[in-house]
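Each chain, letter by letter, is given below.
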Amino acid sequence: MSTAIGVVVTQHIVAGRLNDLQLTGDLLRYAAGSDQLDDLAAIPPGELVEILATQIATLAASEPEPVDAIGVAVPGIVRYGVVEDSPNLTQIKGMHLGEELTRVLVARGILAPVHIANDADCIAAGVAATRGQLEKLTRVWTIGNGIGYGRWPYVEGIWEGGHITVSLDPKERFCGCGGIGHLEGIMGYRAMRLRFLDLEPEEVFANARQGDTRCLEFVDLWHRALAAGTASFIHLAGPGRFYFTGHNVGFVDLPLLRSYVETMVRLTPLQSFSLEILPPDDGTALLGAGVSALRGLTA
Ligand SMILES: [Zn+2]
């Protein structure tokens, strides 16, 4: 039997134990019931590591079998256990999270290897595992405050799909990273609030449904931007499965999105793509964090 612990750090922290890739026992949550986006962002990095270690230690002690691997999903650019950047969790930027968490865990007698991965990559891994398609290319867009792009199987690289350039308009300047014309600068929640200073994003989508011209034009742009990002990845890595999830996935109109992707992907070998919405679910990323960590043992 393989035993892993998966941890997801996003707006909150969720941790769970996986026996043979099945969640077992209760999920542990930190900042449960709170929706404050900057809750976790305000926690100093050392304290964050302690919180993670405490959750992992609780789960490790919950059953007698030793844990084979520990997987932690965090937003941002993650390579070799280092969080190179994390625009929505700025205090962990540059952090050697893998090493630091390992050190704290070893002091608590937990010796299982720690694997840090991008949160969207973990969702892709979790979806692939759930669907029994771990050998196939699986891609995920996470639609929230920022826009995340994840893929499974893991391939060395940056893969910051949310920052792909989808517009040449110099006025498209709302991306959290400061870059012009970025997908997240159109689709991200923060970016939408900056664009519509008088309306919340939910109101923009609601007004569009009522036929408001300005909001309709934006909702159209929003879907064309997502279609452009998706079409670009189809042209680079081929057709296949794309999943859409995240806190704001409810904004996605799948038939509208599909119609735009179809106008952008015209080469027949590339037209066998599928688009699917997944309700946001911490369990998927948690499972993916565990899958990535266990795969890391054999890689
Ligand atoms: Zn950007």
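These notes cover the structure that comes with them. Here the structure is a predicted model, which is why all the values come from computation and not from measurement. (Residues numbered from 1 in each chain as written. Predicted model: local features only at pLDDT ≥ 70, side-chain atom pairs only at ≥ 80, totals over all residues. Heavy atoms only, no water.)

**Quick look at the environment of Lys93**
Residue position: Lys93 is located in the loop between β6 (82-85) and α2 (97-107). Every residue in contact with Lys93, bar those within four places of it in the chain, is listed here: Val83, Glu84, Asp85 and Ser86. (Helix = DSSP H or I, 4+ residues; strand = E, 2+ residues; numbered from the N terminus. Contact = heavy atoms within 4.5 Å.)

**Some points on the packing of aromatic side chains**
Two aromatic rings, taken as a pair, are described by how far apart their centres are and by the angle between their planes. In this structure the tally under the stated criterion is seven aromatic pairs. Measuring from centroid to centroid gives 3.9 Å for Tyr149 and Phe233, while their planes differ by 10 degrees, and the two rings are stacked. Placement of the pair is Tyr149 in strand β9 (residues 147-152) and Phe233 in helix α7 (residues 213-237), with a sequence separation of 84 residues. Judged by relative accessible area, which is 4%, Tyr149 ranks as buried. Measuring from centroid to centroid gives 5.1 Å for Phe196 and Phe218, while their planes differ by 75 degrees, and the two rings are edge-to-face. Here Phe218 lies in helix α7 and Phe196 lies in the loop between α5 (189-195) and α6 (201-209), a separation of 22 residues in the sequence. Given the relative accessible area of 4%, Phe218 is considered buried. (Phe/Tyr/Trp six-rings, centres within 6.5 Å; stacked < 30°, edge-to-face > 60°. Buried < 20%, exposed > 50% of the residue type's maximum accessible area, 1.4 Å probe, protein only.)

**Focus on the pairing of strand β1 (residues 3-9)**
Within β1, seven of the seven residues are buried, which leaves the element mostly enclosed by the surrounding structure. Burial of β1 is two-sided: the residues Thr3, Ile5, Val7 and Val9 facing one way and the residues Ala4, Gly6 and Val8 facing the other way are all buried. Examined bridge by bridge, β1 and strand β2 (residues 13-19) share seven bridges and lie antiparallel to one another. Counted as the bridge partner of Val8 is Val14 from β2. The turn joining β1 and β2, which pair antiparallel and follow one another in sequence, is formed by three residues. By the bridge criterion, five bridges tie β1 to strand β4 (residues 69-74) in an arrangement that is parallel. Its bridge partner being in β4, Ile5 is matched across the sheet by Ile70. (Pairing = 2+ DSSP bridges.)

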